[in-house]
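Chains, contacts and geometry: an overview
The chain contents come next:
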Amino acid sequence: MLDAKFVLENLESVQNRLAARGPWISLEEFVRVSREKKAVLKKVEDLRAEKNKASEEVSRLKKEGKDASSLIADMRKVGDAIAGLDEKLKVFEEELKTTLLNVPNIPHESVPVGRGAEDNKEVRRFGSRPEFGFKPQAHWDVGEKLGILDFERAAKITGSRFALYFGAGARLERALIGFMLDMHTRERGFTEVLPPFIANAESLTGTGNLPKFKEDLFKLEGFDWYLIPTAEVPLTNIYRNEILDGGNLPKRFVAYTPCFRSEAGSYGKDVRGLIRQHQFNKVEMMIFSRPGGSFDELEYMTASAEEVLRRLGLHHRVVLLATGDMGFASAKTYDLEVWMPNRDGFMEISSCSNCVDFQARRSNIRFRREPKGKPEFVHTLNGSGLAVGRTVSAILENYQQADGSVVVPEALRAYMDGLERISASK
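Residues numbered from 1 in each chain as written. Predicted model: local features only at pLDDT ≥ 70, side-chain atom pairs only at ≥ 80, totals over all residues. Heavy atoms only, no water.

**Examining the sheet that holds strand S7 (residues 225-227)**
Strand order across the open sheet formed by three strands is S5-S7-S6, with antiparallel pairing between neighbours. The open sheet has two edge strands, strand S5 (198-200) and strand S6 (218-219), and neither has a second partner. Note that S5 and S7 share three bridges and pair antiparallel. Paired with Ala199 across the bridge in S7 is Tyr226. (Pairing = 2+ DSSP bridges. Helix = DSSP H or I, 4+ residues; strand = E, 2+ residues; numbered from the N terminus.)

Encoded structure:
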């Protein structure tokens, strides 16, 4: 959530920077309510001053043994007026909060201005696309022929956009989770967390998923609970309504969770395979940072996600997202895109974002630089390290062989009992 005071004091600049994201976001209603609230607040302050003055006069009259009943009656009327205006202020506060909850974050000045993915800026590449002496198959065909993926039976169990993994396919998914968690914790300084896979509405409001993106979530009937769309939600809310010791920042966490998304806005995109599932596994990084160091932490987080792809030997690139392609809560985002032979192009496999104080304001997460210092809002960052199903799809496509088998990347063999190649089960 944006700082209301900052918005009012920098209205034109904020409006223009938000416009760079895409569709015009009007702040007129926010300004109108803010002005009305300010006028009412001035009335309350004046009435309280009047009441205080009358109270002093009542005290003086009583000390002199004089009748103060008329003045006391007037004070009661003033008190009633103040109470009525206080209720108005609560309504204004709620209206302002509701408005700001639906306004996205302001893009950082280093973000390229553009309407969509075509305006993203490539930062760097690693490796080169694999060469095949045959026409490479899509990962769903590779997996089904090997007998390690089954989408039809998954659809029978649940519905479309679910997958069944068998044998080496299930082991490959599990191996990737273990490999990613071990690398992030043992080498990159992240602390592993196993959070709840269900979150309440307040948690999802804190991260920016609610109220604007309610249709993307799976709600549990009869409860104010939702299946998490990403571990970002529970990880961000670890410190909701808390004040942290600034000396202990940054705090870096990593978690494996299943994720659940309705994909309401996908409009039939990537309906086949593992790319856009309703349920998928992900290893997620989360950082709580002091404001001054958060963009350095973004570089660190992005490098951590990229290292996973490097060790898996997967050709990829890092792109800086344009203003119109960023997520709702982000001020700056890097996407990691892995090469997919069947597409003859790149596919997003990780997004690493700095949300600055946007989520911290919604979740009331603060820190003190000194033990008795004034609390300030932390900066929050999140990033995939990586999306596991998409990594499986990239391995199946990039490491496929002419005989239909798939070579297991060296980094994963220790997690698969030394298995070097996945072949069709007989």
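On we go.
**A closer look at helix H7 (residues 168-186)**
When the terminal C-alpha atoms of H7 are compared, their 26 Å separation across 19 residues agrees well with the 27 Å that a helix rising 1.5 Å per residue should span. Among the 19 residues in H7, 14 count as buried, and that is most of the element. (Expected span 1.5 Å × (residues − 1). Buried < 20%, exposed > 50% of the residue type's maximum accessible area, 1.4 Å probe, protein only.)

**Some words on the environment of Glu221**
Considering the arrangement of structural elements, one finds Glu221 in the loop between S6 and S7. Relative accessible area serves as the criterion here: at 77%, Glu221 is assigned to the exposed category. Taking C-alpha positions, Glu221 is 15 Å from Ser262, a pair spaced 41 residues apart along the chain.

**Concerning the pattern of salt bridges**
Within the structure shown, the criterion is met by 27 salt bridges. Glu93 is paired through a salt bridge with Lys37; the nearest N and O atoms lie 2.3 Å apart. Residue Glu93 is located in helix H4 (residues 69-101), and its partner Lys37 is located in helix H3 (residues 28-63); the two are separated by 56 residues in the primary sequence. When the shortest N-O distance is used, the salt bridge between Lys66 and Glu64 registers 3.2 Å. Judged by relative accessible area, which is 41%, Glu64 ranks as partly exposed. (Salt bridge = Lys/Arg side-chain N within 4 Å of Asp/Glu carboxyl O.)

**Describing the pairing of strand S16 (residues 379-387)**
Regular strands have side chains that alternate between both faces of the sheet. The element S16 is extensively covered by neighbouring structure, given that nine of its nine residues are classed as buried. The pairing of strand S13 (residues 345-354) with S16 spans three bridges and is antiparallel. Bridge pairing in S16 places Asn354 opposite Leu381.

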